[in-house]
Structure formats: structure tokens, C-alpha cells
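# Notes for the structure review
For reference, the chains in residue letters:
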Amino acid sequence: MNTSSVALPRSMRSPASRRLMLGAALVWSVGLFVAAMLWLTGRVEAPFGPFEVSEVSALINALHERGASALLGAVGLVCAGVAAASVFRAEPPGILLLVISVLLTVFTTVVVATAKFMAVVGYTLSLHVKVLDGEEMLQLWMLLGSAVWIAAALSAHAGRVAYVEGKRPSALAYAAVTIAVIIPLLYAAVRFAWSAGIPLGIEGQPFAPGLTSSGLWSSGFRLACVASGVAVLTLGLVQRWGDRFPRWVPALGGRRVPALLAAIPVTLGALVIFTGGISVVRLAATDGVSFAASWSTIGPGLLWPLWGIALAVALIEYLRRRLSFDSGKRDSTSLLPSSDSPIR
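These notes cover the structure that comes with them. Everything quoted here is computed from the prediction, not taken from an experiment. Each residue is numbered by its place in its chain's sequence as written, counting from 1. Only residues with pLDDT of at least 70 get local features here, since the model is predicted, and only at 80 or more are side-chain atom pairs given and counted; chain-wide, interface and lining totals rely on the full set of residues. Calculated side-chain values reflect all of the structure's heavy atoms, with hydrogen atoms and water omitted.

Attention shifts here to the packing of helix α7 (residues 171–195) against helix α12 (residues 304–322). For helices, the fitted axis covers only the stretch in contact; all axes are lines through C-alpha atoms, and the angles between them, taken along N-to-C directions, range from 0 to 180 degrees. Secondary structure elements follow DSSP: runs of H or I of four or more residues count as helices, runs of E of two or more count as strands, with numbering from the N terminus. Between α7 and α12, the shortest axis-to-axis distance is 8 Å and the interhelical angle comes to 145°. The handedness of the crossing between α7 and α12 comes out as left-handed. Contact with α7, carried on its side by Leu-172, Ala-173, Ala-176, Val-177, Ile-179, Ala-180, Ile-183, Pro-184 and Tyr-187, involves Trp-304, Leu-306, Trp-307, Ala-310, Leu-311, Val-313, Ala-314 and Glu-317 of α12 and no other residues of that element. We call Asp, Glu, Lys and Arg charged. Ala, Val, Leu, Ile, Met, Phe, Trp, Tyr, Cys and Pro are nonpolar, and the rest, Gly among them, are polar. Split by residue class, the contact of α7 with α12 holds 16 nonpolar, no polar and 1 charged. By convention the crossing between two helices is left-handed if the near helix lies anticlockwise of the far one by an angle smaller than a right angle, and right-handed if it lies clockwise. Working rule for contacts: check all heavy atoms of both residues, and any pair within 4.5 Å makes them a contact.

Next comes the structure, spelled out in C-alpha cells:
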């Protein structure tokens, strides 16, 4: 089977694009530092919410408001310093950027954000939109920052990039996608059962007429539909229609699917899902929740960290299969063969 390649536009593989991503990381970092200083000095009310174990993150449980503000300010300052030192370098320190992005992601998903933001995303996708409060805005800012820093670190490593066609997904890709499909379908199956009036894993009271008429189960049905849709879209990471739009798609049929069309939502989705899962695990551990008594309500959430990791692995394998990376040290004419030439 022949494999062909198509080079990306020059604007996507130039040093200017790397500086753009580093500049975005710098803006985010400075924004976090400035906001934290305003919270610390009391000029702006800190968006941390109530100090309740069941509602807020590990950061707020461990620190008072001023301590949390100071910690976030320190994180912003360190990130801003690294970004500023890297913006105008011809070859940014890729390893340092990668370390910062990993540490920031761990800090955001494990220490700052909670399942509350995952719930906001789920309800928004199910067309139940609400205005974000201060705590949710902070979590959104931190999750976006993690994504921006990941992009900056990868752009420093990538050099020139080209699309490659004809490569088959790896066994690891299939395994990761399988996990990332099964977990949301388990969640959806429970919610669909509840919506149908089947008390799967719970007893009588939640199915009282008052709760049913309140719209609780209709919300669960919509969330189940969202989870099912996400599972189906995840299949695109190993299916042909994830490489090229199906012929029946108006205007786009047969065209190549841009890698960023998968990379951006999957990256953000993996961050949000992993964050939600860590929060559920922490809640189960601190509140002593009985899995035997609550398996249908909390059980699927305990699998969410694995779901987030599986999505990340599936995306990495998808990009490895579809893109060819070059360090940029060779002449651009020797990056890859032409689109009509097979790769040997």
C-alpha cells in the first residue's frame, strides 16, 4: 500500500507560529498572575466559592483564600518567566516547556479544577446553557491554560509538519479508542435506564413522581445522548472518516480532515474528563462512599480518569499516524516526498 504525504502551509510550520503559541502561553500566564495579585490584595473578590469538601477543589480544601491566591500567583509568575524567556529564542527550550506544560496540567486537573466544570460542559452540550460563576471561570481559565501550554511545548518540538496518508492505526490506538468509547457508553446506559423508569442501581425514592416531573430524568437523558455522541465521534480517531470527510458531507465531502479539528476538542475534552474523574475519586475517598450501594451513580465517574487518559493516548496515536514531524534542521525541500510519491 502506497503512502503519500502533503505538506502543511508554510505559516503552520514556521518559527513565527511557535512564537505565536509561546506568546499565547505568556499572555495566559501574565493574566493568571495579575488576577491572583488582585485577589491576594483584596481589590477583586476571589472566585473560590465556599469552603466545603464536597463542592470545591483540593486547592481550596487545603488553603485559605489568601494562600490559594498566592499559590496561583506563583504558578502564573513561573510560567510567565519561562514563556517570556522562550518567545524570542530561535530554538525554544523544548524540554523545559514540556516539563512546565505537564506540571501545569497536573496542577490544574488534580489540584484546582473539579467535576463541577465537567457538569457545566455536559449540560452546555445538551443545550442547557448557564452563565458561569467565578469558580467555573477560574477552572475554565486553568484548563485553557493547560491546553495552550501543551500546544506551545509541542510546537517547540515539532519543527516542520506534513500530513501523511495511508497509514493504519496501531494496536495501541485501537485499544485506547475502545476504552474511550466503552466508558461513556456505560455512563449513557445507566442514564438511559433511569430515563426509561428503570431504577438501575438505585432504589425507589429517586423515581418519585415529583422528581420525574421536575425534569431530572430528562436532563439525564440529554446527558446520555451527549455521552453517546462523544463515544461515536471518538471512533473517528481510528476510522477512515476521521481522516477524510465522508462523500455525503456538503462542501467538505472527500476533503482531508484537518488534524487540529480533532486535536483541539479532544485535548480539551481529555483535560475536562480527567479533571472530573479525579474530583469524583477524591470525593469517594474523602466521603467514604460505598461503591456497592452507589455503583450506578458514582461508578461511571470513577472510570473517568481512565477515559481522559485513553482519549489523550488515542489522540497522540492519531497525530503520529496522520502527521510527519521534522526537526527543521534540513532544507525544507527535503522534508517529505511530493504528494504523488510513495514514502519508502
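This part takes up the pattern of salt bridges. Salt bridges are defined as contacts in which a side-chain nitrogen from Lys or Arg sits within 4 Å of a carboxyl oxygen from Asp or Glu. Scanning all chains against the criterion turns up 8 salt bridges. Connected via shared salt-bridge partners are Lys-116, Lys-130, Asp-133, Glu-135 and Glu-136.

It is worth spelling out the nonpolar core at this point. Take the buried Ala, Val, Leu, Ile, Met, Phe, Trp, Tyr and Cys residues and link them wherever side-chain atoms come within 4.5 Å; each set so joined is a nonpolar core. A simple rule labels every residue: compare its accessible area, found with a 1.4 Å probe on the protein chains alone, to the largest value its type can have, and call it buried under 20%, exposed over 50%, or partly exposed in between. Grouped together as the largest cluster of nonpolar side chains are 43 residues, with contacts concentrated most on Trp-304, Trp-307, Leu-311 and Tyr-318. Those elements giving two or more residues to this core turn out to be α5 (115–125), α6 (134–158), β2 (160–165), α7, α9 (216–234), α10 (259–287) and α12. A per-element tally of this core places α10 first, with 10 residues. Filtering out sequence-adjacent residues up to four positions away, Trp-307 remains in contact with Met-118, Ala-180, Ile-183, Pro-184, Val-230 and Ile-273. Ranked by size, the runner-up nonpolar core spans 27 residues in total, among them Leu-59, Cys-79, Ile-100 and Leu-138.

One less than the number of residues in a helix, times 1.5 Å, gives the span that helix is expected to have. Its 25 residues place the ends of α7 36 Å apart at the C-alpha level, agreeing with the 36 Å of an ideal helix rising 1.5 Å per residue. Within two residues after α7, Gly-197 carries a phi angle of roughly 85°, on the positive side.

Before going further, it helps to spend a moment on unusual backbone geometry. In this structure, Leu-127 takes a positive phi of about 70° despite not being glycine. Positive phi outside glycine occurs at Ala-251, with the angle close to 70°. Considering the arrangement of structural elements, one finds Ala-251 in the loop between α9 and α10. On the accessibility criterion, Ala-251 (74% relative accessible area) is exposed.

Secondary-structure assignment places Ser-146 in helix α6. Of the residues examined, Ser-146 reaches a relative accessible area of 0% and is grouped as buried. Here Ser-146 is in contact with Leu-104, Thr-105, Thr-108 and Leu-271, once residues within four sequence places are set aside.

The analysis is restricted to geometry; functional conclusions fall outside its scope.
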